[in-house]
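So the chains spell out like this:
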Amino acid sequence: MADKVPFYKLFSFADPADYVLMVVGTVAATGAGICLFLTTGTLGEMLNSFGETLDRKQVVHEVSKVSSKYVYLALGFGVASFSQVACWTLTGQRQAVRIRSLYLQSLLTQEIAFFDKETSTGDIIERISVDTFTIQDAIGEKVGRFIQLSASVVGGFASAFNKGWLLSLVLLSSIPPLILTSSVTIIQPAKQASRGQAAYSVAATVVEQTLISIRTVASFTGEKQAIAKYGKSLNKAYNSGVQEGLAAGFGFGLFMFFYYCIYALAVWFGSKMIAEKQYSGGDVLNVTLSVLTGSFFVGQASPCLSAFASGQSVGFKIFQIMKRKPDISPSNSDGLKLDNMTGTIELKDIYFSYPARLHEQIFSGFSLFIRSGTTTALVGQSGQEKSTVLSLIERFYDPQAGEVLIDDINIKEFQLKWIRSKIGLVSQEPVLFAQSIRDNIAYGKDNASLEEIQAAAEHANAAKFIDKLPQGLDTMVGSHGIQMSGGQKQRIAIARAILKDPRILLLDEATSAPDAESERTLQEALDGVMVNRTTVIVAHRLSTVKNADEIAVIDQGKIVEKGSHIELLQDPEGAYSQLIRQQQLNKGPDDGVVDNHDKSEIKVDSGRHLNQRISFLESTSQCSSVVGSSSRHSFSISIDMPETAVGESKKSVSLPLKMEQQVPLYRLAYLNKPEIPELLLGSMAAVITGSMLPILGVILSRGIKTFYDPAHELHKNSRFWALMLVVLGVASLLATPLKAYYFAVAGCKLIKRIRLKCFEKIVHMDISWFDREENSSGRISSQLSIDATSVGSLVGESLSMLVQNSATGFAGLLIGFAASWRLSLIVISMLPLIGFNGYMYSKALSGYSANAKEATQVAIDAVGSIRTVASFSAEDKVISLYEKKCNGPATTGIKRGLYGAVGYGLSMFLLYSIYATIFYAGAQFVEAGKITFSDVFQVFYGLTMAAIAISQSSKLSPDSSKARSGAASIFALLDLNSPIDSSKTSGITLDNVKGEILFQHVSFKYPNRPDVQILKDLCLAIESCQTLALVGDSGSGKSSVISLLQRFYDPDSGEITLDGMELRTLNLKWLRQQMGLVSQEPVLFNGTIRANIAYGKEGSAAEAEIISAAEKANAHNFISSLQQGYDTIIGERGKQLSGGQKQRVAIARAIIKSPKILLLDDATSSLDAESENVAQDALVQAMEGKTTILVTHRLSTIKGADLIAVVKNGVIQEKGNHESLISIADGIYASLVEQYACAPST
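Residues numbered from 1 in each chain as written. Predicted model: local features only at pLDDT ≥ 70, side-chain atom pairs only at ≥ 80, totals over all residues. Heavy atoms only, no water.

Identification of the protein as ABC transporter B family member 21-like from Coffea arabica is taken from an unreviewed UniProt entry. Comment text from UniProt for the protein, heading Subcellular location (unreviewed entry), reads "Membrane". (UniProt positions renumbered as here; feature names shortened; annotations may be inferred.)

Let's shift gears to the overall build of the protein. Regarding its fold elements, the protein presents 40 helices and 20 strands. Taken across its 1242 residues, the protein has 63% of its residues classed as buried. Long-range pairs, those at least 24 residues apart, make up 84% of the contacts in the protein between residues at least 6 apart in sequence. Carbon and sulfur atoms make up 56% of the accessible area of the protein, which amounts to about 44100 Å² in all. (Helix = DSSP H or I, 4+ residues; strand = E, 2+ residues; numbered from the N terminus. Buried < 20%, exposed > 50% of the residue type's maximum accessible area, 1.4 Å probe, protein only. Contact = heavy atoms within 4.5 Å. Areas by Shrake-Rupley, 256 points an atom, 1.4 Å probe, with all protein chains shown as cover.)

Glancing now at unusual backbone geometry. Backbone geometry at N447 places phi at a positive 55°, although glycine is not the residue there. Among the structural elements, N447 can be located in the loop between helix 13 (437–442) and helix 14 (450–459). Located in the positive-phi region is D501, a residue other than glycine, with phi close to 50°. In this fold, D501 is placed in the loop between helix 16 (486–500) and strand 7 (504–508). Take D501: its relative accessible area is 52%, and that puts it in the exposed class.

As a further point, take the nonpolar core. By size, the foremost hydrophobic cluster in this structure holds 86 residues, and its most contacted members are L43, F50, F919 and Y941. With sequence-adjacent residues up to four places away left out, L43 is seen in contact with Y70, L285, L289, F919, F937, F940 and Y941. The next biggest cluster of nonpolar side chains, apart from the first, holds 81 residues, and it includes I139, F433, Y882 and C886. (Core = buried A, V, L, I, M, F, W, Y, C linked by side-chain atoms within 4.5 Å.)

Let us now look at the packing of helix 21 (residues 676–706) against helix 22 (residues 711–763). Viewed as axis vectors pointing N to C, helix 21 and helix 22 meet at an angle of 160°, and their least axial separation amounts to 7 Å. Between helix 21 and helix 22, the crossing angle belongs to the class labelled roughly antiparallel. Relative to helix 22, the crossing made by helix 21 is left-handed. By residue class, the composition of the contact of helix 21 with helix 22 is 21 nonpolar, eight polar and four charged. (Axes fitted to C-alpha atoms, helices over the stretch in contact; angles between N-to-C directions. Parallel < 35°, antiparallel > 145°, perpendicular 65-115°, else oblique. Left-handed = near helix turned anticlockwise from the far one by under 90°. Nonpolar A, V, L, I, M, F, W, Y, C, P; charged D, E, K, R; others polar.)

Counting buried positions over the five residues of strand 3 (residues 375–379) gives five, a clear majority of the element. Here four bridges tie strand 3 to strand 8 (residues 534–538), and the two strands are oriented parallel to one another. Across the sheet, T376 pairs through a bridge with V536, a residue of strand 8. Bridge analysis of strand 3 against strand 9 (residues 550–555) gives four bridges, and the strand direction is parallel. Bridge pairing in strand 9 places V379 opposite V553. (Pairing = 2+ DSSP bridges.)

Taken as a whole and judged by the stated rule, the model has 21 salt bridges. Where D15 meets R94, a salt bridge forms, and the shortest distance between an N and an O atom there is 2.7 Å. Taken as a pair, D15 in the segment before helix 1 (16–51) and R94 in helix 2 (residues 59–108) lie far apart in primary sequence, 79 residues in all. Judged by relative accessible area, D15 falls into the partly exposed class, the value being 22%. E62 is the salt-bridge partner of K65, the closest N and O atoms lying 3.6 Å from each other. One end of the pair is K65 and the other is E62, both in helix 2 and three residues apart, which spans about a single turn. Judged by relative accessible area, which is 43%, K65 ranks as partly exposed. Owing to a relative accessible area of 26%, E62 belongs among the partly exposed residues under this scheme. (Salt bridge = Lys/Arg side-chain N within 4 Å of Asp/Glu carboxyl O.)

On to the sheet that holds strand 6 (residues 423–426). Within a sheet, each strand pairs with its neighbour through backbone hydrogen bonds, oriented either parallel or antiparallel. Across the sheet, which stays open at both edges, the six strands sit in the order 6-7-8-3-9-10 with mixed pairing between neighbours. Both outer strands of the open sheet, strand 6 and strand 10 (558–563), are each paired with one neighbouring strand and no more. The sheet shows a mean angle of 15° between the axes of neighbouring strands, direction not considered. Contacts from helix 11 (residues 386–393) reach strand 3, strand 6, strand 7, strand 8 and strand 9 within the one sheet, and its direction differs from that of strand 8 by about 145°.

With that out of the way, let us pick up the side chain of D407. Note that D407 resides in the loop between strand 4 (401–406) and strand 5 (409–410). One buried charged residue, D407, forms no salt bridge at all, with the nearest opposite charge on R503 at 7.2 Å. Polar contacts involving the side chain of D407 include one to the main-chain amide nitrogen of G343, which spans 2.9 Å. Beyond its immediate stretch of four places on either side in the chain, D407 contacts L338, N340, M341, T342, G343 and T344. (Lys, Arg positive; Asp, Glu negative; His and termini not counted. Polar contact = N/O pair within 3.5 Å; in protein donor to acceptor, adjacent residues only side chain to side chain.)

The next thing to look at is the sheet that holds strand 13 (residues 1027–1032). Strand order in the open sheet made by the six strands is 16-17-18-13-19-20, with mixed pairing throughout. Of all the strands in the sheet, the pair left with one neighbour each is strand 16 (1075–1078) and strand 20 (1211–1216). For this sheet, the mean angle separating the axes of adjacent strands, direction not counted, is 20°. Where strand 13 meets strand 19 (residues 1203–1208), five bridges bridge the pair, whose relative direction is parallel. Following the sheet pairing, V1031 is matched in strand 19 by V1206. The sheet contacts of helix 31 (residues 1038–1045) involve strand 13, strand 16, strand 17 (1157–1161), strand 18 (1187–1191) and strand 19, and relative to strand 18 the element is tilted by about 145°.

Our focus in this paragraph is the UniProt feature "transmembrane region" (unreviewed entry) in the protein. The UniProt feature table records "transmembrane region" (unreviewed entry) at residues 20–39, 70–91, 165–187, 246–269, 679–700, 720–745 and 901–921. Structurally, residues 246–269 is divided into 100% helix and 0% strand, and its ends, taken at the C-alpha atoms, are 34 Å apart. In the segment residues 901–921, helix accounts for 100% and strand for 0%; the C-alpha atoms at its two ends are 30 Å apart.

Next comes the structure, spelled out in structure tokens:
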């Protein structure tokens, strides 16, 4: 098939040790298979030793000789089984680890365009966390099992023809229907499984997208939308799962019907052979069992073939990527390396469209020349694709026409890894990896020393805040750097670029984050780095680029003006001069930066004053609001603490890293309560199915007895028992599909319900829960993909097996005791040995450890940050870290596989040793005249078939063990209690919100860092419709105020009220609906622009409202210019839009919400001057009649605020309006204003 890889290709990554293991495993599996078919011959001999020995005194002697053969077979089977399982489990584990690593390596070497249009993070999660394990299943123990079964089939058929070729031919004529039904059993369920897998892949993308944007989801009360979208994907998977179960059940029922009919044919035709061809009863039994067990083994091979087919199917997708030759590959070692690179850059007649949007032309004949060692600034309105120039220089993309030249050589001729090593990039939205600060900086240079890392941090003005952290450079930054504030992330990113010591420096808003003092120091550091280097700056702030050697103004994908700052100002009507006027550069401190920009600080640079009333409201008395006088100095950092996402609730519990406890089945059954009718009907069908094996034992024992009856009774009795076998087959044909269907319905509904419950539980957890590293989005997504899916087998398959095996055991006991209670007691006394070994096997093969999710997170982070990985040529580092994270789980998996091999081999040894014991004991009772040999075989078939059924179910124990572990993990999640639960409907809602906010004696620490006080007895009052501006240094607690107001966290002490009502008494969803948040780093979802704007109104906004909101946010024009307009798909995290475009869509989303309280978190930081002015006008309009809180550092906005609060060390040091604070001699605010006035960037 076109969508499958040849099976042998799955072994492409085996090394010599694996080949040795596979050879030894193959020999062992063949030996085990030979032992298996020899047991049928031994059973025939056993029958003759009973039936043909007329003297009862000789029975024990004859039987003991055959029993000793069973013991020898048991020894051989035990050793061979151990070797088979050990070798194939070990090589499967080794090869799968290698495939995972090479798959990730292949992913990381793909060009950026591949991630733009051909894959998603959800797909990556599914491939690494699920599909690679499917391949492991296909190349591991199931191969050994298949070889064993194949050897048994071949050997069995050979033995059958040797004993009686005519009977063998007759029985073999019925094999084609068995093979046909086996094929149906494999193919149809596989098709449905493929459809279900596609639906789960979509669901995984929904989970990943929601969790990485959880603050946006919570702020906009978008939990319901996310759950509905997730549920829609699960519905498709549910339908596929039910159809898969029905197809498998019908196929197996048909298989068993033919199987029982062959038994009937054997009894009837075998009796004819005894009467006419002088066959012995033992020969008939030997031939029958050889052919039938061979046929049955063909059926037992179905799960193996199904696993092989699944491995081939998912292997096609994985190997397709592994074989894919990227157009731009960092792994290609060919290409030029210059001994002395000057750094001259030229873009010559460039024509370019993004591969994901080929219909939208970005550049048409674009040209730009940058001299070596000079600084060139690219300016223009947002959306003019200035950053695209940097992407072309980094060779993230190649132009469709034209050339990018470095030192007059086409960039395509250079070795990619080498040229990128000469280019340093600092992006507008810095990307950090879930490692320590030291490791993140070290990405800039291989094998960097501690001194070099410290020096880079010092140059980037990051050393001060790093030294204040408890772990210093070893502090973990969290997933996507979530434990760091925006300013801290930016400084770490700059230190990383400084360490790289590049020849070409690309700065994309590199200094937009820090406060005035930090920015000045940082700019000086960058100036030092820029000396004798070619530097390209992309900036919206013209004040930061005026010292550039050359400034290029880009409009409509073309350079409309070029020259130095002085030269461009000569034309008052020029594009640059117009941008200058828009930014009101000459207004001095009005356009200033007055505090550190962190994760939640605002840069509203419009130069327009807010024409609102100025008032000064004193806070409640006896609060630590104003602390003495402050000396005239810069606002130093005393607590550098992430302000939005570093803590966790004291009551919040993380996902367990490893669940050892087992979950009682009744809990899962209780979740299945709505499906009680299906479970009852399925259980009835399972009881019927389970009773058939012991009943088969009775019929066979009676049929075997007829082989030794006189000729006139032989024909009559054989026809009767053959007919009974046909009836048994019909019952199986009816009961098996019903059992499979009803349990599939119950199991698939449970999977759907558990996934929905888990997802619903997760999205309603308090924000602090997501701050913990162990609750990363990748780990949660992986848990839902693996654990929730595995639970389906526990209730669907395993519960059905439990009922069926219980019925088998009960019926077997009844039949056995009816024949001989003495022999039955002996058999039962030995059954615990089989049960013990089955349990040992179950515990041993519990599968790959859950800790593999840590490795999955590494892969997800790398793919999600592929541009940063590519820019720093960090592919090898990521692979090394991934392999390191895989080592532990791989070792654990190998150990468990070896333990499982011991358990499996021992259980096979004991099983056949028990056979020998049963027949020997039976012979003793026959000799004593207590029972007949027919009773011996009735006990044997009745009880041992029950034991075999239980043993066969224990072979599914790896899946059951994984399912139990997964269920334990899931219930641990469902049992969590979130202290801030947005799903609760309790709480007060106010009919009329005034917007009066009061912080009374609020103290707050992030519980995972209890040694750092964020807010300290803070008191703050905001009147209705008043605008409050919070200023202060990084880590001072400004963003914590906004987080506490939205109840992302609760204070440790004190209270926060809205219109006199304590926040905790209000309905949480309603409370968040009253607030509109615009963040500095906007989070958009993979969908249309229309859907992203409508998200502000929970997806129910009318078209007119969407367009109106877009117009107010100055987004309508750029949206309309796109070929798909509002239906344009923006990609994961909005990566198809520029920073400014994303910000305008985010502003539109907040405007459409019409909130009573507006929270602006650097809402216009990514906009160009013109867009910012219009957007600021829209925000001013939106602020009218609303209580507004600004976390900001632009004086142009702060001046017009009704109230300005200067926060330091979690305490309000100064408070008042602009005029009152500027008049305080040596005041902090006055110092900040003067500090800005002296800043070089002004």
